[in-house]
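Residues per chain are reported as follows:
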Amino acid sequence: MITAIVMIDAEVDQIPEVADSVAAVKSVRRVYSVTGDVDLIAIVSVPEHEDLATVIPDQIAKVSGVKELKTYLAFQEFSRADLEAAFDIGLD
């Protein structure tokens, strides 16, 4: 799976509606409202890179109230459990 992190600037008075509409897009796994430089962060998962072209510009970018997007592609996923397993030498 290909994972993209999409930073979304939205019209301030439409943030909840934008979040709901983005979350309804099939390939969107999660949407977070956040503090900082953007209003929302969406986590998108698709099987092929080409699928990003239909999900991000054709669906997310066209949601009413979306002002701007920045997209980042994930190379590798790290989780606390993965990191602990990598360093576990079996001692209790």
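Residues numbered from 1 in each chain as written. Predicted model: local features only at pLDDT ≥ 70, side-chain atom pairs only at ≥ 80, totals over all residues. Heavy atoms only, no water.

(A) Here's a closer look at the pairing of strand β2 (residues 28–33). In terms of strand pairing, β2 meets strand β3 (residues 40–46) through five bridges, oriented antiparallel. Bridging across to β3, Arg30 finds its partner in Ile43. What sits between β2 and β3 in their antiparallel hairpin is a turn of six residues, with Gly36 showing a positive phi close to 115°. (Pairing = 2+ DSSP bridges. Helix = DSSP H or I, 4+ residues; strand = E, 2+ residues; numbered from the N terminus.)

(B) View of the sheet that holds β2. Sheet architecture is open: four strands sit in the order β2-β3-β1-β4, paired in antiparallel fashion. The two strands at the open ends of the sheet, each matched to only one other strand, are β2 and β4 (66–73). Strand-to-strand twist of the sheet, defined as the mean angle between neighbouring strand axes without regard to direction, takes the value 20°. Pairing analysis gives seven bridges linking strand β1 (residues 2–10) to β3, with the strands arranged antiparallel. Its bridge partner being in β3, Val6 is matched across the sheet by Ala42. Sheet contacts for helix α1 (residues 15–23): β1, β2, β3 and β4; angle to β2, the most-contacted strand, approximately 165°. (Axes fitted to C-alpha atoms, helices over the stretch in contact; angles between N-to-C directions. Contact = heavy atoms within 4.5 Å.)

(C) Structural view of helix α2 (residues 49–60). Helix length check: α2, at 12 residues, gives a terminal C-alpha distance of 16 Å against a target of 16 Å (1.5 Å per residue), a fit within 8%. Those residues of α2 not exposed but buried are Leu52, Val55, Ile56 and Ile60. On an axial view of α2, the arc spanned by its buried residues comes to 80°, and they lie on one face. Those residues of α2 that are buried are in contact with β1, α1, β2, β3 and β4. (Expected span 1.5 Å × (residues − 1). Buried < 20%, exposed > 50% of the residue type's maximum accessible area, 1.4 Å probe, protein only. Arc of directions from axis to C-beta.)

(D) Focus on the nonpolar core. Counting 21 residues, the largest nonpolar core has Ile8, Val18, Val22, Val44 and Ile60 as its most contacted members. Put simply, the parts of the chain that give this core at least two residues each are β1, α1, β3 and α2. Broken down by element, this core gets its largest block of residues, five residues, from β1. In this view, Val18 contacts Ile8, Ala10, Leu40, Val63, Ser64, Gly65 and Val66; residues no more than four positions away in its chain are not counted. (Core = buried A, V, L, I, M, F, W, Y, C linked by side-chain atoms within 4.5 Å.)

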